[in-house]
Amino acid sequence: MGLLAWLGLKRGDTYPNVDALLAELRRALPDDEAVVLRYIAAVVVLLGKVAGVDGRLTEGEEQQLRSMLAHIEGLSPEAIEAVTHALKGKLPELREEELTLCVRELKSLCDGRERVEVIRLLAKVAVADGRLSDAERAELHHVAADLGVPESELAAVEEEVA
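This structure is a prediction, so every number in the text was calculated from the model and none was measured. Per-chain numbering applies: the sequence of each chain, read as written, is numbered from 1 onward. Two thresholds apply to this predicted model, a pLDDT of at least 70 for residue-level local features and 80 or more for giving and counting side-chain atom pairs, whereas whole-chain, interface and lining totals are computed over all residues. Derived side-chain values reflect all non-hydrogen atoms in the structure, with water molecules and hydrogen atoms excluded from consideration.

Quick notes on the overall build of the chain
Here's step 1: Only DSSP runs of H or I covering at least 4 residues are called helices, and only runs of E covering at least 2 are called strands; the numbering of each starts at the N terminus. On a plain count of helices and strands, the chain comes out with nine helices and zero strands.
Here's step 2: In the chain, the order of α-helices and β-strands from amino to carboxyl end is α-α-α-α-α-α-α-α-α.
Here's step 3: Three labels apply to residues, based on accessible area from a 1.4 Å probe with only protein chains included: buried if under 20% of the type maximum, exposed if over 50%, partly exposed otherwise in between. Going through the 162 residues of the chain one by one, you find that 46% of them count as buried.
Here's step 4: Contact between two residues is taken to exist if any of their heavy atoms lie within 4.5 Å; hydrogens are not considered. In the chain, 68% of the contacts between residues at least 6 apart in sequence involve partners at least 24 apart.
Here's step 5: In short, Shrake-Rupley with a 1.4 Å probe defines the accessible areas, and a residue's cover is counted only from the protein chains shown. When the accessible area of the chain is evaluated, it comes to approximately 8,100 Å², of which 52% is carbon and sulfur surface.

Remarks on the nonpolar core
Burial of nonpolar side chains together is a common tendency in soluble globular proteins.
Here's step 1: To define a nonpolar core, start from buried Ala, Val, Leu, Ile, Met, Phe, Trp, Tyr and Cys residues and group those joined through side-chain atoms within 4.5 Å. Counting residues in each nonpolar core, the largest one holds 52 residues, and the members touching the most others are I119 and L122.
Here's step 2: For this core, the elements supplying multiple residues, two or more each, are α2 (16–28), α3 (34–52), α4 (59–69), α5 (77–90), α6 (96–109), α7 (112–126), α8 (134–147) and α9 (151–161).
Here's step 3: With 11 residues, α3 is the largest single contributor of residues to this core.

Observations concerning α8
Here's step 1: Between its first and last C-alpha, α8 extends 20 Å over 14 residues, near the 20 Å set by a 1.5 Å rise per residue.
Here's step 2: Every buried residue of α8 is listed here: E136, E139, L140, V143, A144 and L147. Buried residues of α8, viewed axially, fall in a sector of 135°; they line one side. Turned more than 90 degrees away from the buried face of α8, the exposed residues are D134 and A145.
Here's step 3: Residue G148 follows α8 closely and has a positive phi angle near 80°. Here the expected length of a helix is defined as 1.5 Å per residue gap, with one fewer gap than residues. To obtain the arc, one takes the directions from the helix axis to the C-beta atoms.

Re the pattern of salt bridges
A side chain with one charge can pair with a side chain of the opposite charge if their charged atoms come near.
Here's step 1: Salt bridge, as used here, is a side-chain nitrogen of Lys or Arg placed within 4 Å of a carboxyl oxygen of Asp or Glu. This model, assessed by the stated rule, comprises nine salt bridges.
Here's step 2: With its nearest N and O atoms 2.5 Å apart, the salt bridge here joins R66 to E81. With R66 in helix α4 and E81 in helix α5, this pair connects stretches of sequence that are 15 residues apart.
Here's step 3: Its relative accessible area of 14% is what places R66 among the buried residues.

Quick look at the environment of K49
Here's step 1: Note on placement: K49 falls in helix α3.
Here's step 2: On the basis of relative accessible area, K49 is assigned to the partly exposed category, the value being 24%.
Here's step 3: For the pair formed by K49 and K88, sequence separation is 39 residues and the distance between their alpha carbons is 9.9 Å.

With respect to the packing of α2 against α3
Here's step 1: To obtain an axis, a line is fitted to C-alpha atoms, over the contacting stretch when the element is a helix, and the angle between two such axes runs from 0 to 180 degrees between their N-to-C directions. It is at 10 Å that the axes of α2 and α3 come closest, and there the two elements cross at 125°. Taken together, the axis directions place α2 and α3 in an arrangement best described as oblique. Of the two possible hands of crossing, α2 and α3 adopt the one that is right-handed. Here V18, L21, L22, L25 and R26 of α2 lie close against α3, whose contacting residues are L37, R38, I40, A41, V44 and V45. Throughout, the term roughly parallel applies to angles under 35 degrees, roughly antiparallel to angles over 145, roughly perpendicular to angles from 65 to 115, and oblique to all others. In this scheme the crossing of two helices becomes right-handed for a clockwise turn of the near helix relative to the far one and left-handed for an anticlockwise turn of less than a right angle.

Details of the packing of α8 against α9
Here's step 1: Their axes nearest at 10 Å, the elements α8 and α9 cross at an angle of 145°. Judged by the sense of rotation from one axis to the other, the crossing of α8 with α9 is right-handed. Judged by residue contacts, R137, L140, H141 and A144 of α8 engage E151, L154 and E158 from α9.
Here's step 2: Residues are grouped as follows: Ala, Val, Leu, Ile, Met, Phe, Trp, Tyr, Cys and Pro are nonpolar; Asp, Glu, Lys and Arg are charged; every other residue, Gly included, is polar. Here the residues of the contact of α8 with α9 sort into three nonpolar, one polar and three charged.

Focus on the environment of G48
Here's step 1: With respect to the helices and strands, G48 occurs in helix α3.
Here's step 2: Note: C-alpha distance between G48 and E61 (13 residues apart in sequence) is 8.7 Å.

Just geometry here; none of it tells us what the structure is for.
Quick look at the structure:
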């Protein structure tokens, strides 16, 4: 979905995988504002990307993702399963431009402190299987750099979750 579609002004199919996740979130949270849904979708996509970058989304990582989704007010257990299922199904198909869109959204919606919190969430999901793999660490560093999170903040987060 292009910028106009993100704003609700036009339908598009530029981001089919993110669109599928966003559609699940719309069904699950019909009363939430579009900006809230976009924020949730962007964070969930990055959570899945970092956790699954090593080629698998482990049961521990998936459970951590579900636990984080459970903190979203109004998201029922059924909706959490639907969002998790949508993410798992689309994760291997995510295109670079979809990931770029999610990073761009978070940069526009979050201040520096909130970006560090997003990195903290990503790290917690990545280590849910007991360790932070080299691929997960590299992806975490890549996302942190894209979000403008300083290396010192990233190092503190990695130390915290280790």
